Amino acid sequence: MRFLSCDISVTNFMNPIPFFKPEVDEETIAAVAEVIRSGWLTTGPKSAEFEARFAEYVGAKYAVFVNSCTAALHLCLASIDLKPGDEVITTTYTFAATAEVIEYFDAKPVLVDIREDTMNIDESQIEERITDKTRAIIPVHFAGQPCEMDTIMAIAKRYGLYVFEDAAHCTPAYYKGKPIGSIGDATCFSFYANKCITTGEGGMITTDNEELAEKCRILRLHGLSKDASSRYESSGSWKYDIVARGYKYNPTDIAAVIGLGQLKRADEFWEERKRVVRAYSQSIPRAKFQVMKEPANCESSWHLFPARLNKGSERERDLLILKMKRCGLSVSVHFIPLHMHTFYAVKYGFVAVDFPCAADSYSRMISLPIYPGLPDQTVKFICQALV
Ligand SMILES: *Cc1c(COP(=O)(O)O)cnc(C)c1O
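Reading the values: rules and limits
Residues numbered from 1 in each chain as written. Predicted model: local features only at pLDDT ≥ 70, side-chain atom pairs only at ≥ 80, totals over all residues. Heavy atoms only, no water. Near = heavy atom within 4 Å. Polar contact = N/O pair within 3.5 Å; in protein donor to acceptor, adjacent residues only side chain to side chain. Areas by Shrake-Rupley, 256 points an atom, 1.4 Å probe, with all protein chains shown as cover. Nonpolar A, V, L, I, M, F, W, Y, C, P; charged D, E, K, R; others polar. Axes fitted to C-alpha atoms, helices over the stretch in contact; angles between N-to-C directions. Helix = DSSP H or I, 4+ residues; strand = E, 2+ residues; numbered from the N terminus. Left-handed = near helix turned anticlockwise from the far one by under 90°. Contact = heavy atoms within 4.5 Å. pLDDT = per-residue confidence, 0-100. Buried < 20%, exposed > 50% of the residue type's maximum accessible area, 1.4 Å probe, protein only. Phe/Tyr/Trp six-rings, centres within 6.5 Å; stacked < 30°, edge-to-face > 60°. Lys NZ or Arg CZ within 6 Å of the ring centre and 35° of its normal. Pairing = 2+ DSSP bridges. 1 Å grid on protein atoms, 1.4 Å probe; cavity = no way out; pocket = protein on both sides within 12 Å on 5 of 7 lines; lining within 4 Å. Points joined across faces, edges and corners; volume = space filled by probe spheres on them.

Trainee: Teacher, can you tell me more about the site of the ligand here?
Mentor: Taken together, 15 residues sit near the ligand, with Thr70, Asp166, His169, Ser190 and Lys195 positioned nearest. At 2.5 Å, a side-chain N or O of Thr70 approaches an oxygen atom of the ligand. At 3.1 Å from an oxygen atom of the ligand is found a side-chain nitrogen or oxygen belonging to Lys195. Contact with the protein chains covers 93% of the free accessible surface of the ligand, which is 380 Å². Its residues assigned to classes, the shell around the ligand shows six nonpolar, seven polar and two charged.

Trainee: Can you walk me through the packing of helix α3 (residues 69–79) against helix α4 (residues 96–103) in this structure?
Mentor: Each pair of packed helices can be summarised by the angle the axes make with each other and by the distance between the axes. Closest axis-to-axis distance for the α3/α4 pair is 9 Å, and the angle between their directions is 35°. When the axes of α3 and α4 are compared, the crossing they make is right-handed. Touching Thr70, Leu73, His74 and Leu77 of α3 are Ala97, Thr98, Glu100, Val101 and Ile102, all from α4. Its residues assigned to classes, the contact of α3 with α4 shows five nonpolar, three polar and one charged.

Trainee: Any chance you could explain the confidence of the model for the protein chain here in plain terms?
Mentor: Mean pLDDT over the protein chain works out to 94, with 94% of the residues at or above the 70 mark. Scored below 50 in pLDDT, residues 9–13 makes six contacts in the model with residues more than four places away or belonging to other chains.

Trainee: Just to check I follow, could you spell out the side chain of Asn120 for this structure?
Mentor: For Asn120, the location among the structural elements is in the loop between β3 (108–112) and β4 (134–138). You can call Asn120 buried: its relative accessible area is 2%. Among the polar contacts made by the side chain of Asn120, one reaches the main-chain carbonyl oxygen of Pro146 at a distance of 3.3 Å. Other than its neighbours up to four places away in sequence, Asn120 contacts Ile114, Arg115, Val140, His141, Phe142, Gln145, Pro146 and Cys147.

Trainee: Is there a simple way to think about the packing of aromatic side chains in this case?
Mentor: How two aromatic rings sit relative to each other is given by the distance of their centres and the angle of their planes. Summed over the entire model, instances satisfying the criterion amount to 20 aromatic pairs. Pairing Phe54 with Phe189 gives two aromatic rings, centres 4.9 Å apart and planes at 75°, and the pair type is edge-to-face. Separated by 135 residues along the polypeptide, Phe54 in helix α2 (residues 45–58) and Phe189 in strand β8 (residues 186–190) bring together distant segments of the chain. Exposure remark for Phe189: the relative accessible area of 0% places this residue in the buried category. Each residue in the set Phe50, Phe54, Tyr57, Phe65, Phe189 and Phe191 is aromatic and connected to the rest through ring pairs, giving one cluster. In this structure, Lys274 is placed above the aromatic ring of Trp270, and the distance from its NZ or CZ to the ring centre is 3.5 Å. The ring centre of Tyr362 lies 4.7 Å from the NZ or CZ of Arg317, which sits over that ring.

Trainee: How should unusual backbone geometry be read in this particular structure?
Mentor: Put simply, Thr171 and Pro172 share a cis peptide bond, and its omega is 0°. With respect to the element layout, Pro172 can be found in the loop between β5 (162–166) and β6 (174–175). With an omega of -10°, the peptide bond between His334 and Phe335 qualifies as cis. In this structure, Phe335 sits in the loop between α10 (314–326) and α11 (342–348). One non-glycine residue with positive phi stands out, namely Asp106, at about 55°. What makes Asp106 exposed here is its relative accessible area of 55%. In this structure, His222 takes a positive phi of about 60° despite not being glycine. Examined against the element boundaries, His222 turns out to sit in the loop between α6 (210–219) and α7 (226–229).

Trainee: Just checking my understanding: could you explain the sheet that holds strand β12 (residues 305–309) for this structure?
Mentor: Pairing between sheet strands relies on hydrogen bonds along the backbone, with the strands arranged either parallel or antiparallel. Ordered in space as β10-β12-β13, the three strands form an open sheet in which the pairing is antiparallel. Looking along the sheet, the strands with just one partner apiece sit at the ends: β10 (289–291) and β13 (365–368). Strand-to-strand twist in this sheet, taken as the mean axis angle between neighbours without regard to direction, amounts to 35°. As paired elements, β12 and β13 share four bridges and run antiparallel to each other.

Trainee: Explain empty space enclosed by the protein here, please?
Mentor: Any space left empty among the atoms is revealed by the rolling of a water-sized probe across them. Per the stated rule, a full pass over the model turns up two cavities of 30 Å³ or more. What the largest cavity holds in volume is close to 40 Å³. Lining the largest cavity, in full, are Phe20, Lys21, Pro22, Glu23, Ala193, Lys195, Cys196, Thr198, Gln262, Phe269, Arg273 and Pro372. Within the lining of the largest cavity, the residues separate by chemical class into six nonpolar, two polar and four charged. Around the second largest cavity, the lining residues are Phe19, Phe20, Asn194, His303, Leu304 and Ile370. In terms of residue class, the lining of the second largest cavity is made up of four nonpolar, two polar and no charged.

In structure tokens, the structure reads:
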């Protein structure tokens, strides 16, 4: 099994290279301690400050901080009162969260295949999936590469659909100079531990639509009226009124101060990820791998560094991952397409080839480590292990 041996004489089994490493500075840790000492732990002034800073960062009028991106997506759909039987168009090439939130309503996720180049939803296949039940489109900016938003927004406008972007990978990303977060009806970000910036767990909705922002704000805390949600403030009243069937999706101020510390450094982190991308571009064995190019006029967050084998079978890919692991290198696969998972395959009768481009990308895909502070020499080592 020569293919499985790790030829590189570096014994880093004891010290594996992680897939991702969050970068949280001492200043942020001190700010967390301060918030804890302040006695105000749940949603409060720090959450409001993080919302204001984040809205500014992505050029949106409003930002609503919640405890995950999944919650953010769910609230967007709740805000348009999605009904059982409604349809929402999205990509099969995404994480569980994107489609499960549609299922929460007994609505139907209508999956679309991807483009070969960016692995984003193939916008040319969206229109043919629209029916009189379609309510919204959820494009996912894969790895932080923006989808073809002009086309998607134009289709949505023509058919009266909402566009809620899954921008879990996008702090920051730019489409034709516009920050992701300022384009669709609403945009959902993730601050999960391995995302571009983190709050441990957390998410954000950004929008220019005041009504949508207000609905999401109410729904994130038990559907309590706006006045009620400030009832713990000194000026607030003890009275509250439930005005909608809400959820428990509000964030903590502990998470908010982590977010404030992270957001301050988001551009620095981004520069670091771009450096890592340049290091990969120099060392990756090109005869063997196809790497992503940024679409014209776009800037990726480079949340992920996806590499696809030029040719070969899924089994070869799996063996390569095993080999990397033996070399002490953590890699991943983004994504196993939704339609190839048991739940969706059984419920909707999908087979792999229903979305051929996604199935093909998946079979050749390997995501390589990328994070601020990943040294160039380590990238070189990773690339040697890939040969
Ligand atoms: C991480 C991720 C999510 C979910 O984010 P959470 O904050 O963990 O809920 C949604 N969509 C995509 C594409 C993701 O990668």
